Amino acid sequence: MRVTRKLRIDVERRELAAGTAITVRVRDNRRQPVEGAVVTTETKSARTDERGLCRLRFDSPGFWKLTAAKSPSERVAYEPASALVRVVPNATALRPYRPTRSR
């Protein structure tokens, strides 16, 4: 009998500066790390380690959709998951807006 588990993607930051690497964690719906899952974007991919972790670096600004998937085994099938990450042109764009006082 095959069991189906849903994958989950956890990203350390949902917004980052271009050229920054992020750590992505893939777990199942029982919150267990998933080894060997493939995390992909339009142009990049990485495979998770035994802790369910992988790193991706984004050099171009924009919104990037991450998708995690894993091939089924004899006993377990996995439903893919996705998350959205925003990459801004530089680190100063990540600073919170603070209006200046006019005199």
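To be clear, the structure that these remarks concern was listed above.
The following refers to the structure shown.

Thresholds, definitions, all that
Residues numbered from 1 in each chain as written. Predicted model: local features only at pLDDT ≥ 70, side-chain atom pairs only at ≥ 80, totals over all residues. Heavy atoms only, no water. Helix = DSSP H or I, 4+ residues; strand = E, 2+ residues; numbered from the N terminus. Buried < 20%, exposed > 50% of the residue type's maximum accessible area, 1.4 Å probe, protein only. Polar contact = N/O pair within 3.5 Å; in protein donor to acceptor, adjacent residues only side chain to side chain. Contact = heavy atoms within 4.5 Å. Pairing = 2+ DSSP bridges. Axes fitted to C-alpha atoms, helices over the stretch in contact; angles between N-to-C directions. Salt bridge = Lys/Arg side-chain N within 4 Å of Asp/Glu carboxyl O. Core = buried A, V, L, I, M, F, W, Y, C linked by side-chain atoms within 4.5 Å.

Okay, the side chain of Asp28 next. One can find Asp28 in strand β3 (residues 20-28). Judged by its relative accessible area of 3%, Asp28 is buried. Separated by 2.9 Å, the side chain of Asp28 and the backbone nitrogen of Arg30 make a polar contact. Beyond its immediate sequence surroundings of up to four residues, Asp28 is in contact with Arg5, Lys6, Leu7, Arg8 and Val34.

With that out of the way, let us pick up the sheet that holds strand β1 (residues 3-11). Reading across the sheet, the four strands line up as β6-β3-β1-β8 and stay open at both edges, with mixed pairing between neighbours. This sheet does not close on itself; its edge strands, each paired only once, are β6 (53-58) and β8 (76-79). Within the sheet, the average angular offset between the axes of one strand and its neighbour, ignoring direction, is 35 degrees. Two strands pair when backbone bridges link them, and β1 and β3 are joined in this way by five bridges, in the antiparallel orientation.

This part covers the pattern of salt bridges. Note that side chains of opposite charge can pair when their charged atoms are close. Per the stated rule, a full pass over the model turns up six salt bridges. Arg27 is paired through a salt bridge with Asp10; the nearest N and O atoms lie 2.5 Å apart. In this pair, Arg27 is assigned in strand β3 and Asp10 in strand β1, connecting sequence segments 17 residues apart. What makes Arg27 buried here is its relative accessible area of 15%. With a closest N to O distance of 2.9 Å, Asp59 and Arg57 form a salt bridge.

For the rest of this paragraph, the subject is the nonpolar core. Soluble, globular proteins show a tendency: their nonpolar side chains are buried together. Among the nonpolar cores identified, the biggest contains 23 residues, and Ile9, Val24, Val39, Phe58 and Leu66 are the most heavily contacted of them. In terms of residue count, strand β9 (residues 81-88) provides more of this core than any other element does, four residues in total. Residues contacting Leu66, with those up to four places away along its chain left out, are Ile9, Val11, Val24, Val39, Thr40, Thr41, Leu56, Phe58, Ala81, Ser82, Ala83 and Val85.

What follows is about the side chain of Arg5. Along the chain, the position of Arg5 falls in strand β1. Setting aside chain neighbours within four positions, we find Arg5 in contact with Asp28, Asn29, Arg30, Val76, Ala77, Tyr78 and Glu79.

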